[in-house]
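What follows is each chain in one-letter form.
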Amino acid sequence: MKRQNYIVIASIILINACSENNENTKFIEVEEQDSFFQPRPEPNPDKNAYFGDLHVHTSNSFDAYTFGTLASPSDAYRFAQGEAIPHPTGYEIQLKKPLDFYAVTDHAVFLGIIKEAADTSSEFSKYEFTEPMHNLNDNVSNSIFSILKRSGLFRGFGGALQEGLENGSVDGELIQSVGNSVWQKTIKAADDAYKPGVFTTFAGYEYTSSVDLYDKYLHRNVIFKDTKNLPVKIFSRADSQDPEELWNWMDIQREAGVESLAIPHNSNISGGAAFSMSDYNGGPIDEAYVKQRLRNEPLVEITQAKATSETHPFLSKNDEWAAFEAITNMPQENNINKLKGGYVRDAYLRGLTLSEKGLTNPFKFGVIGSSDTHVAGGSYTEETHFSKIGLLDGEPYLRGSVPYEGFYGFFTKLLRPDSIVEVDGNNYLGVSARLIRFGSSGLAGVWAEENTRESIYEAFRRKETFGTSGPRIKVRFFAGYDLESSKLDDLSLIQDAYAKNTPMGGTIIHGKNNSPRFLVWAISDPLGAPLQRAQIIKGWLEDGEHREKVFDVACSDGLSVNPITHRCPDNDATVNLDDCSISSDKGDSEIKTFWKDPEFRQDQDAFYYSRVLENPTCRWSTWDAMRDNESPRSDIPATIQERAWSSPIWYTKQ
């Protein structure tokens, strides 16, 4: 390791801890690499914030390879550590600042099989139906016609492969051996990149159970605690589409000493099945189901490229911020019955309902964000957005942020008029109707003693996690009855909060005082926008009905929360859409406050979580338009407010 890299890593470690923790950071020397010592901080009992991505696809995923991705798991881990890697479109992608942890989670079903079909020297490529895949990515074309053809390429291949497996004309053992081999290489890539104390990797994969969008779309990422004695064959949809069967498999592995957890994602397009009030087959939820779900799924992905799953404006009509990157442009979105049971906040409310009926709450999960990138590296910032599906959206015109005019635009409109939409008098690629809604989300945040598999995984388990839409906003969230004696400027504030109170992910019970006190502490991303406000979202049941309310609890710029509306006044932060510059004198780098629920009832179960908002900034589609000297589309928000969400704290009356 070069000396300048040592300095960069040391700087990252110092930046990583919140300001209240920096004085506790020390370094210990570990094994020598490349004739230089790798720095490793000592564990911090007050915990540091670490950021990562637990949803990353490489060329081993059937869809990613079809989209032109050639990056390997090793390439993905290099990207996460700050190195540049090639995007399928030809340019390089690189982080401004390395991440702390990362997991490659390629699709378990047909793992590595498209690459095998493309390799004409392989045994599998001899099947006739593999011919369209032969040498697929040897000569990549960026023409729209090539891309349109590529976008539907897998459907025919996948259907033929599935039919061949069912009728016995395709050797199932050959397919499985390819997947097993790729899985072992994935594990090795994670181990090779793991640097305890500096950069953590997890072995993982995606379990892809789905019927269709908005119809039992039940994808999960399975993350293993370590890489010891991992199964040779991983459980996929080929084994069962029922997630409860996945849990059974995970339980069997756990009995054999292999610890893992599953993280559902894109609950927003599950059609309400993600957080259903019945089991997968429509039967009633019982206590055995609840315990198994809680044991295997302590976390949920609240945001990613395919939309944010916190809530939806149809579900949370009194939340002015509910539409944030939530709209998908899918027709099923207009059916509220396809939304209920598909969003995190609604799941928390459903959990309270089940508790009222005498069951343990099956939806007491924490939250993270991740990207679902299919090019080995995520678009975490609006300014550098490159979306997620390789050749299919690697350029602005392909994702619908700039007009599609000129020679190719004319012939596309002539030959495929259904693929063009008109907005503001300009033609845009209609195939981008969903892509224009894709976001630059997101990141997983954890509070852990050190940057190791053991420490970060334990943070997952206790749900001391948070998600962000991309910026590295650090948010603390505590509640309890012993914060009354604390002051915001106490040097021992966090130490006392851990010793006597409950952090995010935990539960408090009715105590000696009528109302617990909450602590919210947020620090902005130094490379992001200033913070505008901190909020607490509360959910409860009243006469058997779901109730929710958004409270602003702290405002930037010395402003005060209106005690009647529970809202901060506008801090007048602005965005210049000509160059995407933002107000330099508005917003705060840090927001810290205590809060008590003014409507607290000690006989009423509830949940609370914190949401922290930045000042408005340009959305990625506006950045694209601005760089192309175009006006932003009027049917897409020109600006957004990036944010972070804490895991909840639950209050129970008993």
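Not measured: the values here are computed from a predicted model. (Residues numbered from 1 in each chain as written. Predicted model: local features only at pLDDT ≥ 70, side-chain atom pairs only at ≥ 80, totals over all residues. Heavy atoms only, no water.)

1. Some points on helix α13 (residues 493-500)
(1) Moving on: By the burial criterion, the buried members of α13 are L493, I494, A497 and Y498. Angularly, the buried residues of α13 cover 130° about the axis, an arc narrow enough to put them on a single face. Facing away from the buried side of α13, by more than 90 degrees, are the exposed residues A499 and K500.
(2) Moving on: Contact partners of the buried residues in α13: β15 (443-448), β17 (474-480), β18 (502-503), β20 (517-523) and β25 (590-595). (Buried < 20%, exposed > 50% of the residue type's maximum accessible area, 1.4 Å probe, protein only. Helix = DSSP H or I, 4+ residues; strand = E, 2+ residues; numbered from the N terminus. Arc of directions from axis to C-beta. Contact = heavy atoms within 4.5 Å.)

2. Observations regarding the nonpolar core
(1) Moving on: Ranked by internal contacts, the top residues of the largest apolar core, which has 68 residues, are I113, F157, W183, Y205 and L246.
(2) Moving on: The next biggest cluster of nonpolar side chains, apart from the first, holds 61 residues, and it includes I494, L519, F594 and I649. (Core = buried A, V, L, I, M, F, W, Y, C linked by side-chain atoms within 4.5 Å.)

3. Overview of the packing of helix α8 (residues 243-255) against helix α9 (residues 287-296)
(1) Moving on: Packing of α8 against α9 brings their axes to within 10 Å, and their N-to-C directions diverge by 65°. Taken together, α8 and α9 sit at an angle that is classed as roughly perpendicular. Crossing handedness for the pair α8 and α9: left-handed. When α8 is examined against α9, the residues E244, W247, N248, M250, D251 and R254 are found in contact with a partner set consisting of Y289, Q292, R293, R295 and N296. (Axes fitted to C-alpha atoms, helices over the stretch in contact; angles between N-to-C directions. Parallel < 35°, antiparallel > 145°, perpendicular 65-115°, else oblique. Left-handed = near helix turned anticlockwise from the far one by under 90°.)

4. Focus: the layout of surface pockets
(1) Moving on: Here the largest pocket is characterised by a volume of approximately 1,500 Å³.
(2) Moving on: F62, D63, F67, S151 and R155 are the residues nearest the centre of the largest pocket, which is lined by 39 residues in total.
(3) Moving on: For the lining of the largest pocket, the elements supplying multiple residues, two or more each, are α2 (62-66), α5 (144-151), α6 (153-167) and β7 (200-209).
(4) Moving on: Broken down by class, the residue content of the lining of the largest pocket amounts to 18 nonpolar, 12 polar and 9 charged. (1 Å grid on protein atoms, 1.4 Å probe; cavity = no way out; pocket = protein on both sides within 12 Å on 5 of 7 lines; lining within 4 Å. Points joined across faces, edges and corners; volume = space filled by probe spheres on them. Nonpolar A, V, L, I, M, F, W, Y, C, P; charged D, E, K, R; others polar.)

5. Quick word on the side chain of D346
(1) Moving on: Structurally, D346 is set in helix α10 (residues 344-356).
(2) Moving on: Look at D346 and you get buried, because its relative accessible area is 12%.
(3) Moving on: Ignoring anything within four residues of it in the chain, the contact list for D346 reads K340, G341 and H546.

6. Examining the pairing of strand β30 (residues 649-652)
(1) Moving on: Of the two faces of β30, the one holding I649 and Y651 and the one holding W650 and T652 are both buried throughout.
(2) Moving on: As judged from the 3 bridges shared by strand β26 (residues 606-614) and β30, these two strands associate in the antiparallel manner. The partner of F607 across the bridge, within β30, is W650. (Pairing = 2+ DSSP bridges.)

7. Points about the sheet that holds strand β10 (residues 299-304)
(1) Moving on: Within the open sheet, the 3 strands sit side by side as β11-β10-β12. Their pairing is mixed. Edge positions in the sheet fall to β11 (307-308) and β12 (366-369), since each has one partner strand and no second.
(2) Moving on: In this sheet, β12 lies alongside β10 in parallel orientation, the contact comprising 4 bridges. Paired with V300 across the two strands is V367, which belongs to β12.

8. Observations regarding the sheet that holds β17
(1) Moving on: Reading across the sheet, the 4 strands line up as β18-β17-β20-β25 and stay open at both edges, with antiparallel pairing between neighbours. Across the chains shown, the open sheet's two edge strands, defined by having one partner strand only, are β18 and β25.
(2) Moving on: Pairing analysis gives 7 bridges linking β17 to β20, with the strands arranged antiparallel. Looking across to β20, one finds that V475 is bridged to A522.

9. Quick word on the confidence of the model for the chain
(1) Moving on: Here the chain averages 91 in pLDDT, while 91% of its residues score no lower than 70.
(2) Moving on: Low confidence marks residues 1-36, where pLDDT is under 50. Its contacts with residues over four positions away, or in another chain, come to 74 contacts. (pLDDT = per-residue confidence, 0-100.)

10. Looking at a negative patch on the surface
(1) Moving on: On the surface, a cluster of negative charge is contributed by D557, D570, D572 and D585.
(2) Moving on: For D572, the position within the fold is in the loop between β22 (545-555) and β23 (575-576). (Patch = residues over 30% accessible without salt bridge, like charges linked within 9 Å, V, L, I, M, F, W, Y side chains within 5 Å. Areas by Shrake-Rupley, 256 points an atom, 1.4 Å probe, with all protein chains shown as cover. Salt bridge = Lys/Arg side-chain N within 4 Å of Asp/Glu carboxyl O. Lys, Arg positive; Asp, Glu negative; His and termini not counted. Charge placed at Lys NZ, Arg CZ, Asp CG, Glu CD.)

11. Some words on the packing of aromatic side chains
(1) Moving on: By the definition in use, this model includes 37 aromatic pairs.
(2) Moving on: Ring centres 4.4 Å apart and planes at 25° place the aromatic pair F62 and F154 in the stacked group. Of the two residues, F62 is situated in helix α2 and F154 in helix α6; the sequence distance between them amounts to 92 residues.
(3) Moving on: Note on F62: relative accessible area 14%, which makes it buried.
(4) Moving on: Ring centres 6.0 Å apart and planes at 75° place the aromatic pair F124 and F129 in the edge-to-face group. (Phe/Tyr/Trp six-rings, centres within 6.5 Å; stacked < 30°, edge-to-face > 60°.)

12. A few points about the pattern of salt bridges
If the charged atoms of two oppositely charged side chains come close together, the side chains can form a pair.
(1) Moving on: Summed over all chains, the structure comprises 37 salt bridges.
(2) Moving on: Note that K47 and E464 form a salt bridge whose closest N and O atoms lie 4.0 Å from each other. Of this pair, K47 sits in the loop between β2 (36-41) and β3 (48-56) while E464 sits in the loop between α12 (453-462) and β16 (465-468), and the two are 417 residues apart along the sequence. Just as K47 is buried, E464 falls in that class too.
(3) Moving on: Among the ionic pairs, E297 bridges to R220, the shortest N-O distance being 2.4 Å. Note that E297 is positioned in the loop between α9 and β10 and R220 in strand β8 (residues 218-224), a separation of 77 residues in sequence. Both residues of the pair, E297 and R220, count as buried.
(4) Moving on: Residues participating in the shared-partner salt-bridge network are D251, R254, E259, R295 and R461.

13. Some thoughts on the state of the cysteines
(1) Moving on: Enumeration over the complete set of coordinates arrives at 2 disulfides.
(2) Moving on: Each sulfur of the disulfide joining C555 and C568 lies 2.2 Å from the other. Judged by the sign of its S-S torsion, about -90°, the bond between C555 and C568 is left-handed. Within this pair, whereas C555 is found in strand β22, its partner C568 is found in the loop between β22 and β23, the two being separated by 13 residues in sequence. Each member of the pair, C555 as well as C568, carries the same accessibility label: buried.
(3) Moving on: Two residues, C580 and C618, share a disulfide whose sulfurs are 2.2 Å apart. Here C580 and C618 share a disulfide; its torsion about the S-S bond, -95°, makes the bridge left-handed. With a gap of 38 residues between them, C580 in the loop between β23 and β24 (581-582) and C618 in strand β27 (residues 617-618) connect regions that are remote in the sequence. (Disulfide = S-S within 2.5 Å.)

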